[in-house]
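If you want the building blocks of each chain, they are given just below.
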Amino acid sequence: MKAKTFLLILLSTSILASCVSAAAYTSSTDVPYKIARLANEVVKLIPETSAPAGILPTTAPTPTVYAISTSEPAQVVLLRDTLMYNGPGNINFDSVASLNKGDNLSPIGIYGDFVKAEAYLGGIRYTGYINKNTIGFLPSNLPELTTSNVPWEPIFFPYCTGGAYDPASDTLTFVNQRDSYYDTETKAIKLDAPLRIKLDKLSVTGSTYNIVKILGVPETQEPWWKGIRRLDILNNGDHYLIGVRDGTAGSYNIVWDLQLSSSQPFYIIFDQVEGKSFNIYNQDGNVIQHIDLTQQPQLNLPDGLFPQGVVYIGSSTAPNSTSFVTGLSVGVIPNGKWVSSAVSDPGLAELAKSHNLTIGTAFSMWENADNRHCRVMKREYGVAAIYTFSLKGFWLGPGKYDFSELDREVDYANQMGWRVRAMHLVWGAVQSDVIPEWLIHGDYGRNQYIKILEQHVKTLVGRYKGRVHEWSIANEAPGRSFSTGADFWNDKIGPDYIDMAFRWARETDPEAILIFNQDNNESPRDPDSSRVIDKMYSTLQQLKANGTPIDVVGMQMHLFLPWYSKIAPEKDDVIATMQKFANLGVRIYVTEMDVDLTDQPGTQLEKWNYQAQIYRSMMEACIESQVCDSFSTWGISDATSWITCERQGCVKEPNADPLLFDRDFNPKPAYFALRDVLSDSSFLIVR
């Protein structure tokens, strides 16, 4: 054996020995490939043996390495543009690089529909997974990767929780200033593969413990613990405990002390989907405890922790305390399937930048607890229109507020990098969940109502100055002026409340964008919309002449609702209406668009295609008008739209299908219609 080859093998063996202690079932098992790259050689790897179903290894599996080859790695060429992901999937894994047709790749292994490969772009090496159908030829000896060779597919995303997430330290922070517990919880996540929960550290200030919750059945009854299925990971002072509830008592049915410091990483793997048993591993990948929940006499869990085939991930922070959760990851073994209906980067918000447009949608933390909602929101939208500002629950009395929920939503949106639009600072809709009872039933005079409203405007704008960038003020005031009792503030103060509210807001935050928002005002489609447009125009004309600081006219574009015309707006009419308002010295936003399909004829696909034409036409109108700076939908998914939902204040039309994504958060033709317009260079207009 030549000395050089011997030294290379010795070096590789030495490095490998120091690396194989990495935790089981992690992406660290591509270490042999990294070693080979150090020697500028290729290591040919036999995939690690996966544990049989229902059986877990007691230590991390060790890869088997063949002799080093002196041949150069095989090169393949991409047949079309594609994205490279950090795992074998294009739904929950993130893209790490954008690859172009003709780029050269070095394939490493194959897993399902994906090839693990290396690519050099701009002198930088990227390693990840691409769709194998984008490659024309693959080497015949390309190894099949096993579940031990690939990353677990994440089903929990820290930035979706509502806590403050620091990606640099991988730490979630939950601040609770209330005298009650602050609990977060994802929506149901379907389980179709074994589950892993990994945690690096739990810590807390202001209390002795904090909790990470893993639930199979959530808290939906009174008392809260009845019927629950829940496993808690607790930081009890300075070490970890695991407590389990089976829904038969208010306290833990059983608790295990892991004898691990709460700053020591560990992980749990359930060896079957039902969650009947699990192993607890330390940071070296060694099993420190095996627990079979079905065999514990204190528990009544014969069908496991996840009897409904779903899991919920949450946290619990004690009153007046701050909890810190570091390195929390929850994942399943990936199925390796390419999903052709999935959308990919860039999202709508990124595409819209070339048109100097922002793309937004209605936002609430409650809806964002669904990972699918959160991921779409993060990828597609740049403006979070927070409608909690409209709701009466936080306004407790004159000058009295509970800002905890609003603070969380605004801070979260800022953390995510979204532009925040407050919907709505002032809105006189008495019949909606807007005006508090203490105001409706209060015995105040006109001057007192003026002082109450002034205090309200200045308090909110002042509190969120610099964090809320846009305010919808005097929402729907022109349209509501046609009827007595439709606008609380108009009835109590008079129409001059509009001017007052805008001036108070500008005085408090001179940098904020102030929006005069209205429904049914995008085009003269029928007598009703013509009347609204004329009224809004005359009102705006008078206000601007008096110096009222209005920056934007908002066009809601809730189309085809039961009380609106079924005539579709024509693009040219919309452009003309936008320019008509803009000539008074304002810009235009499309603020709340959705398209109710309840009364549209045809098959579902025919309805969706008709809807797509309307969305396309309205986006084209926005761009071609040259006066429109923002385009927002009122929600993301048909599952949670205010038109389809069953909650108080919803229209309750289950077949309306009004938005860009269906009930499963799959993109609809309307979504692709907007992408097409935003991607079309012919629509680039120099402003």
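Shown above is the structure to which this text applies.
Student: Even after reading the chapter, I still don't get the overall build of the chain, so can you show me in this structure?
Tutor: Assigned secondary structure in the chain consists of 15 helices and 36 strands. Out of the 687 residues belonging to the chain, those deemed buried represent 55%. Taking all contacts inside the chain whose residues are at least 6 apart in sequence as the whole, residues at least 24 apart take part in 71%. Accessible surface computed for the chain: about 28,400 Å², of which carbon and sulfur atoms make up 51%.

Student: Which parts of the structure should I look at to understand the nonpolar core?
Tutor: The nonpolar side chains of a soluble globular protein tend to be buried with one another. Counting 151 residues, the largest nonpolar core has Trp 471 and Trp 489 as its most contacted members. Of all the elements, helix H14 (residues 604–625) adds the most residues to this core, at nine residues. With sequence-adjacent residues up to four places away left out, Trp 489 is seen in contact with Trp 395, Val 426, Trp 427, Gly 428, Ile 435, Leu 439, Tyr 449, Leu 453, Gly 494 and Tyr 497. In this structure, Leu 78, Ile 110, Val 115 and Ala 119 belong to the second largest nonpolar core, which totals 13 residues.

Student: Is there a simple way to explain the environment of Arg 506 in this structure?
Tutor: Positionally, Arg 506 belongs in helix H11 (residues 497–508). Distance in space between the C-alpha atoms of Arg 506 and Val 461 is 9.0 Å, their sequence separation being 45 residues. Once residues lying within four places of it in the same chain are set aside, the contact partners of Arg 506 are Ala 512, Leu 514, Pro 549 and Asp 551.

Student: Hey, could you run me through the packing of helix H8 (residues 446–463) against H11 in this one?
Tutor: Two numbers describe a pair of packed helices, the interaxial angle and the distance between the axes. Closest axis-to-axis distance for the H8/H11 pair is 9 Å, and the angle between their directions is 35 degrees. In the packing of H8 onto H11, the handedness of the crossing is right-handed. Counting all contacts with H8, which are made through Arg 446, Ile 450, Leu 453, Glu 454, Val 457, Lys 458, Val 461 and Gly 462, the residues of H11 involved are Tyr 497, Met 500, Ala 501, Trp 504, Ala 505, Glu 507 and Thr 508. Across the contact of H8 with H11, the residue classes break down as nine nonpolar, two polar and four charged.

Student: Which parts of the structure should I look at to understand the pairing of strand S24 (residues 321–326)?
Tutor: Remember that side chains alternate between the two faces of the sheet whenever the strand is regular. A large share of S24 lies buried, amounting to five of its six residues. Sheet topology places strand S11 (residues 171–176) next to S24; six bridges connect them, and they run antiparallel. Residue pairing across strands places Phe 174 opposite Ser 323, the latter belonging to S24.

Student: Honestly, the packing of helix H13 (residues 571–582) against H14 in this entry has me stumped. Any pointers?
Tutor: Taken N-terminus to C-terminus, the directions of H13 and H14 make an angle of 40 degrees; their axes are 9 Å apart at the nearest point. Judged on the interaxial angle alone, H14 and H13 are oblique. Seen along the crossing, H13 lies across H14 with a hand that is right-handed. Residue-level inspection shows Lys 571, Val 574, Ile 575, Met 578 and Gln 579 of H13 in contact with H14, the latter providing Ser 617, Met 618, Glu 620, Ala 621, Cys 622, Glu 624 and Ser 625.

Student: Please explain empty space enclosed by the protein as it appears in this structure.
Tutor: Once rolled over the atoms, a probe with the size of a water molecule shows which space is left empty. Scanning the model with the defined rule gives two cavities of 30 Å³ or more in all. Surrounding the largest cavity, 15 residues form its lining, Ser 390, Trp 395, Leu 425, Val 434 and His 456 being those nearest its centre. Per-class residue counts for the lining of the largest cavity are 11 nonpolar, three polar and one charged.

Student: Would you mind showing me how to read the sheet that holds strand S10 (residues 164–166) here?
Tutor: Neighbouring strands of a sheet are bound in pairs by backbone hydrogen bonds; such pairs are parallel or else antiparallel. Strand order in this open sheet of four strands is S10-S11-S24-S15, and the pairing throughout is antiparallel. Looking at which strands have only one partner, the edges of the open sheet turn out to be S10 and strand S15 (201–205). Direction aside, the axes of adjacent strands within the sheet are offset by 15 degrees on average. As judged from the three bridges shared by S10 and S11, these two strands associate in the antiparallel manner. Looking at S11, one finds that Asp 166 is bridged to Thr 171.

Reading the values: rules and limits
- Residue indices follow the written sequence of each chain, beginning from 1 at its first position.
- The predicted nature of this model means local features are confined to residues of pLDDT at least 70 and side-chain atom pairs, given and counted, to a pLDDT of 80 or more, with totals for whole chains, interfaces and linings taken over all residues.
- For the side-chain quantities, the full set of heavy atoms in the structure was used; hydrogens and water were omitted.
- Each helix is a run of DSSP H or I of at least 4 residues and each strand a run of E of at least 2, with the numbering of both proceeding from the N terminus.
- Buried means the residue's accessible area, taken with a 1.4 Å probe over protein chains only, is under 20% of the maximum for its type, while exposed means over 50%, and partly exposed covers the values in between.
- Residues are treated as being in contact if the distance between any of their heavy atoms lies within 4.5 Å.
- Throughout, the Shrake-Rupley method with a 1.4 Å probe supplies accessible areas, and for residues the shown protein chains are the sole cover considered.
- Definition used in this section: a nonpolar core is a set of buried Ala, Val, Leu, Ile, Met, Phe, Trp, Tyr and Cys residues joined via side-chain atoms within 4.5 Å.
- Between the N-to-C directions of two axes lies an angle of 0 to 180 degrees, each axis being a line fitted to C-alpha atoms and, for a helix, fitted only over the stretch in contact.
- Helix crossings get a hand from a simple test, with the near helix turned counterclockwise from the far one by less than a right angle marking a left-handed crossing and a clockwise turn marking a right-handed one.
- Residue classes follow a fixed rule: Ala, Val, Leu, Ile, Met, Phe, Trp, Tyr, Cys and Pro count as nonpolar, while Asp, Glu, Lys and Arg count as charged, and any other residue, Gly among them, counts as polar.
- At least two bridges found by DSSP between two strands are what make those strands a pair.
- In these notes the angle categories are as follows: under 35 degrees is roughly parallel, over 145 is roughly antiparallel, 65 to 115 is roughly perpendicular, and the rest is oblique.
- Here a cavity denotes grid points, spaced 1 Å and computed from the protein atoms alone, that fit a 1.4 Å probe unable to get out, and a pocket denotes an open set having protein on both sides within 12 Å along at least 5 of 7 lines; residues with an atom within 4 Å of a point are the lining.
- Grid points are joined across faces, edges and corners, and a volume is the space filled by probe spheres set on the points.

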